[in-house]
Amino acid sequence: MKITAAVATAPRVPFELRELELDDLRPDEVRVKLVATGVCHTDAIVRDQVYPTPLPAVLGHEGSGVVEAVGSMVASVRPGDSVVLSANSCGICEQCLTGRPAYCADFFGRNFAGTRTDGSTALSAQGTAVSSHFFGQSSFATHVNVAARSVVKVDNDLPLELLGPLGCGLQTGAGAVINSLEVRAGSSIAVFGTGAVGSAALMAAAAVGATTIIAVDIIDARLATAKELGATHTINSRTADVAAEIARITGERGMDYTLDTTGIPAVLRQAADILGIGGTVALVGAPAPGTEVSFEVGGSLLKGWSFRTIIEGDSVPQVFIPQLIALWKLGKFPLEKLTKTFPFEQINDAFDASASGDVIKPILVF
């Protein structure tokens, strides 16, 4: 069938809207008509080939829409169902079978290779292959053939134009707090970077009862939003000494948890240095492959601190995304405060707004 998609053709080149051919549905796939899709930093760094996916490609991995058809092996959804789309995984490796699909043994192949596992691509232009199945979906398109494990069924009365970002950025930030770090009520957490991932982490920290929630960023407007999302303190790291401010806020105790969403080595080092005894620093940012960071070890021995990396918030999307929706219904995860919608045709404007920091989470609507 003919569809319209935004195609990434070369690094740092704007997306091009093109008519493509979508192939036949496979037995383990779901055809979805997209209602909306979020714009994520990962889409930008893959477009620019910081992380490689074969180009030309249809990216997009925060889709939401309505099921049009299902493959013969699919029993989880049926035509007419509302769905949110998330990352793909194999379902049979040790990590998948123990509830850790974000660490699937074939995560890269199923999310970044640009093809199905048999090497085929769902998309083509006049007989020329176009990379598909980005995060199992490639949601910068009007219709997609999605891997069934990327599909999360949600109630049909929910606003699909708002929920797509739960599939990656927001589940990553919130999951880092709730699933990975298991932030305790009454504890302290500092979040470095208040884009979509960091903002989700702030909302989750407030929802679970953390009582000292510090947002660190360089954009005052984002820090103002962070206060609305639950931050108890904000620090502009361009104009203030972060370590001194943390010491003042915590009475020299340091932080129980810190979360770096920037992927900048100097920021991650600072996030580790401000930990208190027994604290944990986590990284969800996406630095370029080969990036290294150093940590001081002498004084750190007295702290017994921990460092861990996190993918997709350690979540099982079919379990965690409905949990986030439940929090949203209670007013404890107000993701609408982060978002601004753009017509699909304005995809490059949406990416510009994200890169400049003018919009925390752009959403394209079809």
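Each remark here, short or long, concerns the structure printed above.
Residues numbered from 1 in each chain as written. Predicted model: local features only at pLDDT ≥ 70, side-chain atom pairs only at ≥ 80, totals over all residues. Heavy atoms only, no water.

1. Side note on helix H10 (residues 317–329)
This is how it is decided: By the criteria applied, helices consist of DSSP H or I runs no shorter than four residues and strands consist of E runs no shorter than two, each listed in order from the N terminus. In this scheme, a helix's expected span is set at 1.5 Å multiplied by one less than its residue total. Between buried and exposed lies partly exposed: a residue is buried under 20% and exposed over 50% of the maximum accessible area for its type, with that area taken using a 1.4 Å probe on protein chains only. Note: the arc covers the axis-to-C-beta directions of the helix. Whether two residues touch is decided by their heavy atoms; if any such pair falls within 4.5 Å, the residues are in contact.
For H10, spanning 13 residues, the distance from its first C-alpha to its last is 18 Å, which sits close to the expected 18 Å at 1.5 Å a residue. Every buried residue of H10 is listed here: Pro 317, Phe 320, Ile 321, Leu 324, Ile 325 and Leu 327. Buried residues along H10 cover an arc of 160 degrees about the axis, so they all sit on one side. In this structure, the buried residues of H10 make contact with strand E5 (82–85), strand E9 (151–154), helix H4 (160–163), helix H5 (169–180) and helix H6 (196–207). Just downstream of H10, Gly 331 is the residue with a positive phi angle, here 80 degrees.

2. Points about the pattern of salt bridges
Rule in force here: In the sections that follow, a salt bridge refers to a side-chain nitrogen of Lys or Arg positioned within 4 Å of a carboxyl oxygen of Asp or Glu.
According to the stated counting rule, one finds 15 salt bridges in the structure shown. For Asp 155, the salt bridge goes to Lys 329, with nearest N and O atoms at 3.7 Å. You can see Asp 155 sitting in the loop between E9 and H4 and its partner Lys 329 sitting in helix H10, a full 174 residues away along the chain. Judged by relative accessible area, Lys 329 falls into the exposed class, the value being 53%. Between Asp 256 and Arg 253 there is a salt bridge, with the nearest N and O atoms lying 2.8 Å from each other. Members of the salt-bridge network, linked through shared partners, are Asp 23, Arg 26, Glu 29, Arg 116 and Asp 118.

3. Overview of the nonpolar core
Here is the rule we go by: Take the buried Ala, Val, Leu, Ile, Met, Phe, Trp, Tyr and Cys residues and link them wherever side-chain atoms come within 4.5 Å; each set so joined is a nonpolar core.
Ranked by internal contacts, the top residues of the largest apolar core, which has 47 residues, are Val 58 and Phe 140. Membership of the second largest hydrophobic core comes to 46 residues, among which are Leu 160, Ile 213, Ala 282 and Ile 310.

4. Here we look at the pairing of strand E11 (residues 212–217)
Cut-off, in case you're wondering: When DSSP finds two or more bridges between a pair of strands, those strands are recorded as paired. With the strands aimed away from the viewer, a crossover counts as right-handed if its path from the first strand over the helix to the second runs clockwise.
In terms of residue burial, E11 counts as a mostly covered element, since 6 of its 6 residues are buried. On E11, burial covers both faces: Thr 212, Ile 214 and Val 216 on one face and Ile 213, Ala 215 and Asp 217 on the other are all buried. The sheet contact formed by strand E10 (residues 188–192) and E11 spans 5 bridges and is parallel. Opposite Val 191, over in E11, you have Ala 215 as the bridge partner. Handedness of the E10-H6-E11 crossover: right-handed. Taken together, the 4 bridges between E11 and strand E12 (residues 233–236) define a ladder with parallel strand orientation. Directly across from Ile 214, in E12, lies its bridge partner His 233. Since E11 and E12 lie parallel, the crossover through helix H7 (residues 220–229) that links them has a hand, and here it is right-handed.

5. Notes on H6
Over its 12 residues, H6 extends 16 Å from the first C-alpha to the last, a length consistent with the 16 Å expected when each residue adds 1.5 Å. Of all 12 residues that make up H6, 9 are buried, and the element is covered over most of its length. Taken together, the buried positions of H6 are Ala 196, Gly 198, Ser 199, Ala 200, Ala 201, Leu 202, Met 203, Ala 204 and Ala 205. Just downstream of H6, Gly 209 is the residue with a positive phi angle, here 95 degrees.

6. Some thoughts on the environment of Val 216
Structurally, Val 216 is set in strand E11. A C-alpha to C-alpha distance of 37 Å links Val 216 and Gly 91, two positions 125 residues apart in sequence. In contact with Val 216, not counting residues within four places along its chain, are Val 191, Phe 192, Gly 193, Thr 194, Leu 223, Ile 235, Ser 237 and Val 242.

7. Quick notes on the pairing of strand E3 (residues 29–38)
On a regular strand, one side chain projects to one face of the sheet and the next to the other, so that they alternate. Across the 10 residues of E3, 8 count as buried, placing the element largely inside the fold. Across 5 bridges, E3 lies against strand E8 (residues 143–147) in antiparallel orientation. Of the residues in E8, the one forming a bridge with Lys 33 is His 143. With 7 bridges connecting them, E3 and strand E4 (residues 63–70) associate as antiparallel partners. Looking at E4, one finds that Lys 33 is bridged to Val 66. Bridging between E3 and strand E17 (residues 361–365) involves 3 bridges; their strand directions are antiparallel. From the neighbouring strand, Gly 38 faces E17, where its bridge partner is Ile 363.

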